[in-house]
Amino acid sequence: MVVKTQSKGRGLTGLHVGATNVRRYFPRDISVIELQLDHLQIQCGLGPEFWQDEPEIHDPRLCAWLESKNFHNRPDRTPVPLVMIPSGKNSFKLQPVRLNSEAKLRQIRSTAA
């Protein structure tokens, strides 16, 4: 699934998962997911707002990883697409969208518009 970084200022970067992805990939009865960030593995809590009006993941370790990857350094703070790949029960590997995937994403968006 494709997600986007969401920056609410320095030190407040998380992931916007989107309502469709939440319905498709996240069972409503879970309160924690596991994220694999390169060699780092963390658990992130999911509050009730995740399933309601804020389909976002926020965690200080996730924020530090995203900012260390310079995903927040765009001058206009434009969201950066990332891929969350299911890697087990309630577990996902987070990685940047590859170049050929970015081209496919642009093509999908242009044909959908």
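Our subject is the structure listed above.
Source: prediction; values computed, not measured. (Residues numbered from 1 in each chain as written. Predicted model: local features only at pLDDT ≥ 70, side-chain atom pairs only at ≥ 80, totals over all residues. Heavy atoms only, no water.)

Per the stated rule, a full pass over the model turns up three aromatic pairs. Taken together, a centroid distance of 5.1 Å and an interplanar angle of 35 degrees make the contact between F26 and F92 tilted. Taken as a pair, F26 in the loop between α1 (19-25) and β3 (32-37) and F92 in strand β7 (residues 91-96) lie far apart in primary sequence, 66 residues in all. Side by side, F26 and F92 carry an identical accessibility label, which is buried. (Phe/Tyr/Trp six-rings, centres within 6.5 Å; stacked < 30°, edge-to-face > 60°. Helix = DSSP H or I, 4+ residues; strand = E, 2+ residues; numbered from the N terminus. Buried < 20%, exposed > 50% of the residue type's maximum accessible area, 1.4 Å probe, protein only.)

Here we come to the side chain of Q95. Counting through the fold element by element, Q95 comes out in strand β7. Exposure remark for Q95: the relative accessible area of 17% places this residue in the buried category. For Q95, the contacting residues outside a window of four places in its chain are L82, V83 and I85. (Contact = heavy atoms within 4.5 Å.)

Okay, the nonpolar core next. Of all hydrophobic cores here, the largest spans 23 residues; its most connected members are F26, I33, I57, M84 and L94. Mapped by element, the contributors of at least two residues to this core are β3, β4 (40-45), α2 (60-68), β6 (81-88) and β7. Excluding residues within four positions of it along the chain, I33 makes contact with F26, I42, Q43, C44, L46, I57, M84, N90 and F92. (Core = buried A, V, L, I, M, F, W, Y, C linked by side-chain atoms within 4.5 Å.)

Applying the stated rule across the entire model yields two salt bridges. Among the ionic pairs, D38 bridges to K69, the shortest N-O distance being 2.7 Å. Note that D38 is positioned in the loop between β3 and β4 and K69 in the loop between α2 and β6, a separation of 31 residues in sequence. The class for D38 is partly exposed, based on a relative accessible area of 47%. A residue is classified by how much of its surface remains accessible, and K69, at 37% relative accessible area, is partly exposed. (Salt bridge = Lys/Arg side-chain N within 4 Å of Asp/Glu carboxyl O.)

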